[in-house]
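# Understanding the architecture of this molecule
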Amino acid sequence: MGNSGAAYRGRFAPSPTGLLHAGSLVAALASWLDARAHGGVWLVRIEDVDRPRCVQGADTAILAQLHACGLTPDEPVVWQSHRETAYAAALQRLIDAGWAYPCGCTRQHIELAWRARGVPRERHTARPYPGTCRPDNGGLRGRPARAWRLHVGRVIADLGLPVPLAWNDRRLGRHAQDVESTVGDFVLKRADGLWAYQLAVVVDDAAQGITDIVRGEDLADNTPRQIVLQHALGVPTPRYLHTPLVLGDNGEKLSKQNGARPVVLDDPLAALAAAAAVLGLPPPAQNVAASLRAWSEAWRERWVVDPGIA
Ligand code: GLU
């Protein structure tokens, strides 16, 4: 697995649910530095598939923030809301292969199925989909289709993928997950008709020829699902580097709920310096351009020339 032979193409893929804050700027800066350190191309993709969560104008505001920080994409920005045809085509391919099926379960159906198996609900633990609507379990049984799910076990069996599925993160090292028992048949198209993040991100990373994904550590546990989908769609698996998270006042990942403030445009150097510190990079130089140059060099030495696992 891996794609290190191809010319480097990286990306930053913000969801426009608000402005960039200290946490999201870390991922933006790290992905930009990694692209520069590899002499590669850096793209920005606006991940606006989850329309109800998007804030109007946040996309252009994020692009302005990035620009103020000297982080400008090398190719035109792509909006996921313009990519529906590609997602529909990918889903159709999965359906044709027998790897996607319609699901008629509501949350309550899923809860009842687990209770019937004597599995209690525990707070903060995700349970895999119980497989109620899987074709080999009898399918929809007359219920209307709501969502589309990936038949994870069938993809793994048909393609002979290893269980658990292992991958190497450039910073976090080797990880492995049994996708079927841990997350199960995940959603590709949601009951509200919106495309699921997992499908959209895999289709777009492939369409844009992304070789390297650098993003926040909170997304690390999505990686094995995305690798299964990459195999199912016959596209390459990029390399991954998940960056450290910035914690909020309550010790959890920084978010609007726990004190994240937007990165201010009038002092981009201070915002970048804070992001650089999280990444273990030296203090800033006099201005944004000089700092970015110095950090690219430091990044190259740390992650490209001598890429031992931290
Ligand atoms: N759009 C996702 C987010 O803002 C990031 C997706 C990714 O980098 O894979 O959390």
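Presented here is an overview of the structure given in this document. (Residues numbered from 1 in each chain as written. Predicted model: local features only at pLDDT ≥ 70, side-chain atom pairs only at ≥ 80, totals over all residues. Heavy atoms only, no water.)

Across the sheet, which stays open at both edges, the three strands sit in the order E4-E5-E8 with antiparallel pairing between neighbours. One side of each edge strand has no neighbouring strand; the edge strands of this open sheet are strand E4 (100–103) and strand E8 (187–189). Each neighbouring strand pair of the sheet contributes to a mean axis angle of 40 degrees, computed without reference to strand direction. One ladder, built from two bridges, connects strand E5 (residues 147–150) with E8; its direction is antiparallel. By the bridge assignment for E8, tryptophan 148 is matched with lysine 189. (Pairing = 2+ DSSP bridges. Helix = DSSP H or I, 4+ residues; strand = E, 2+ residues; numbered from the N terminus. Axes fitted to C-alpha atoms, helices over the stretch in contact; angles between N-to-C directions.)

We now examine the site of the ligand. Near the ligand the following residues occur: Arg11, Ala13, Pro14, Ser15, Glu47, Tyr197, Val201, Arg215 and Leu219. In the environment of the ligand, an oxygen atom lies 2.7 Å from a nitrogen or oxygen atom belonging to the side chain of arginine 11. A distance of 2.6 Å separates a nitrogen atom of the ligand from a polar atom in the side chain of glutamate 47. Coverage of the ligand by the protein chains reaches 79% of its 300 Å² of free accessible surface. Broken down by class, the residue content of the shell around the ligand amounts to five nonpolar, one polar and three charged. (Near = heavy atom within 4 Å. Polar contact = N/O pair within 3.5 Å; in protein donor to acceptor, adjacent residues only side chain to side chain. Areas by Shrake-Rupley, 256 points an atom, 1.4 Å probe, with all protein chains shown as cover. Nonpolar A, V, L, I, M, F, W, Y, C, P; charged D, E, K, R; others polar.)

Here strand E2 (residues 41–46) lies mainly inside the structure; five of its six residues are buried. Pairing geometry for strand E1 (residues 9–12) and E2, over four bridges, is parallel. In the sheet register, arginine 9 faces E2, and the bridge partner there is valine 41. Considered for its hand, the β-α-β crossover made up of E1, helix H1 (residues 22–37) and E2 is right-handed. Pairing analysis gives two bridges linking E2 to strand E3 (residues 78–79), with the strands arranged parallel. (Buried < 20%, exposed > 50% of the residue type's maximum accessible area, 1.4 Å probe, protein only. Right-handed = clockwise from strand over helix to strand, strands pointing away.)

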